[in-house]
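Overview (structure and organization)
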Amino acid sequence: MDKEESSVESKECCTRSELVSEDGKNLKSVLCQRCGSKVLCPGMAVYSEKELFLPPMRNKKALSLTEGSGDNLSAHWLVDDMYTFENVGFTNDVGRIKYLICADCEIGPIGWHCLDDKKSYYVAVERVDHA
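Everything numeric here is computed off the predicted structure, so don't read it as measured data.

When its secondary structure is counted, the chain shows 3 helices and 11 strands. Walking the chain from its N terminus toward its C terminus, one meets helices and strands in the order α-α-β-β-β-β-α-β-β-β-β-β-β-β. Taken over 131 residues, the chain has a buried fraction of 47%. For the chain, the proportion of contacts with a sequence separation of at least 24, taken over those separated by at least 6, is 53%. Accessible surface computed for the chain: about 7,000 Å², of which carbon and sulfur atoms make up 45%.

Quick look at the structure:
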């Protein structure tokens, strides 16, 4: 497996070719790892490689207490309109950032949104399941 394929593996060990279409969109539904709630329908997001820092996965109340620890992740699904999501919530502002969480079980962060860029919502491939 090459470096590019390994960077888009999910917990279920899907390769990039199983997740990303020829035009760069998600082939499968994007689901919450904890409760299975649908975050994105197939074909609604574009694969993007951008290194972003996300705090460790926790429920919404514990997220605000986390400082310093987390992961630098580079494989993401990029969405340009928040209304594209089937089910996503947002944390309160953390500086100029809002973290994306599952709206049903409030686990996260599963993604990242900078308030300076109104058209970029990133969902970390490693923080979601695909089906």
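One finds Val30, Leu40, Trp77, Phe85, Leu100 and Val123 to be the most contacted residues of the largest nonpolar core, which totals 19 residues. Of all elements in the fold, only β2 (38–40), β5 (71–79) and β10 (121–124) reach the threshold of two or more residues within this core. Top contributing element to this core by residue count: β5, with 3 residues. The contacts of Phe85, once residues within four sequence positions are left out, are Val39, Leu40, Val79, Leu100, Tyr121 and Val123. Membership of the second largest hydrophobic core comes to 9 residues, among which are Leu52, Leu54, Ile97 and Ala124.

Leaving glycine out, the prevailing phi sign among residues is negative, and the prevailing peptide bond configuration is trans. Put simply, Gly108 and Pro109 share a cis peptide bond, and its omega is 5°. Within the secondary structure layout, Pro109 lies in the loop between β8 (107–108) and β9 (111–114). For Glu106, which is not a glycine, the phi torsion comes out positive at approximately 60°.

Here we come to the sheet that holds strand β6 (residues 89–90). Sheets are built from strands paired through backbone hydrogen bonds, the pairs being either parallel or antiparallel. In space, the 6 strands of this open sheet follow the order β3-β5-β10-β9-β7-β6, with antiparallel pairing throughout. Two strands in the sheet have a free side with no partner beyond their single neighbour: β3 (46–54) and β6. Of the pairings in the sheet, the one linking β5 to β10 comprises 4 bridges and is antiparallel in character. Opposite Leu78, over in β10, you have Tyr122 as the bridge partner.

Let us look at the environment of Tyr99. In this structure, Tyr99 sits in strand β7 (residues 97–101). Tyr99 gets classed as buried once you look at its relative accessible area, which sits at 10%. For Tyr99 and Gly111, which are 12 residues apart along the polypeptide, the C-alpha to C-alpha distance reads 5.7 Å. In contact with Tyr99, not counting residues within four places along its chain, are Phe53, Leu54, Pro55, Gly89, Phe90, Thr91, Val94, Pro109, Gly111 and Trp112.

In this section: the sheet that holds strand β1 (residues 30–32). Across the sheet, which stays open at both edges, the 3 strands sit in the order β2-β1-β11 with antiparallel pairing between neighbours. For this open sheet the edge positions go to β2 and β11 (128–130), each flanked by a neighbour on one side alone. Between one strand axis and the next, the sheet turns through 45° on average, direction left out of account. Where β1 meets β11, 3 bridges bridge the pair, whose relative direction is antiparallel. Note on β11: the bridge partner recorded for Cys32 is Val128.

Thresholds applied
Residues numbered from 1 in each chain as written. Predicted model: local features only at pLDDT ≥ 70, side-chain atom pairs only at ≥ 80, totals over all residues. Heavy atoms only, no water. Helix = DSSP H or I, 4+ residues; strand = E, 2+ residues; numbered from the N terminus. Buried < 20%, exposed > 50% of the residue type's maximum accessible area, 1.4 Å probe, protein only. Contact = heavy atoms within 4.5 Å. Areas by Shrake-Rupley, 256 points an atom, 1.4 Å probe, with all protein chains shown as cover. Core = buried A, V, L, I, M, F, W, Y, C linked by side-chain atoms within 4.5 Å. Pairing = 2+ DSSP bridges. Axes fitted to C-alpha atoms, helices over the stretch in contact; angles between N-to-C directions.

Nothing here speaks to function; it is geometry throughout.
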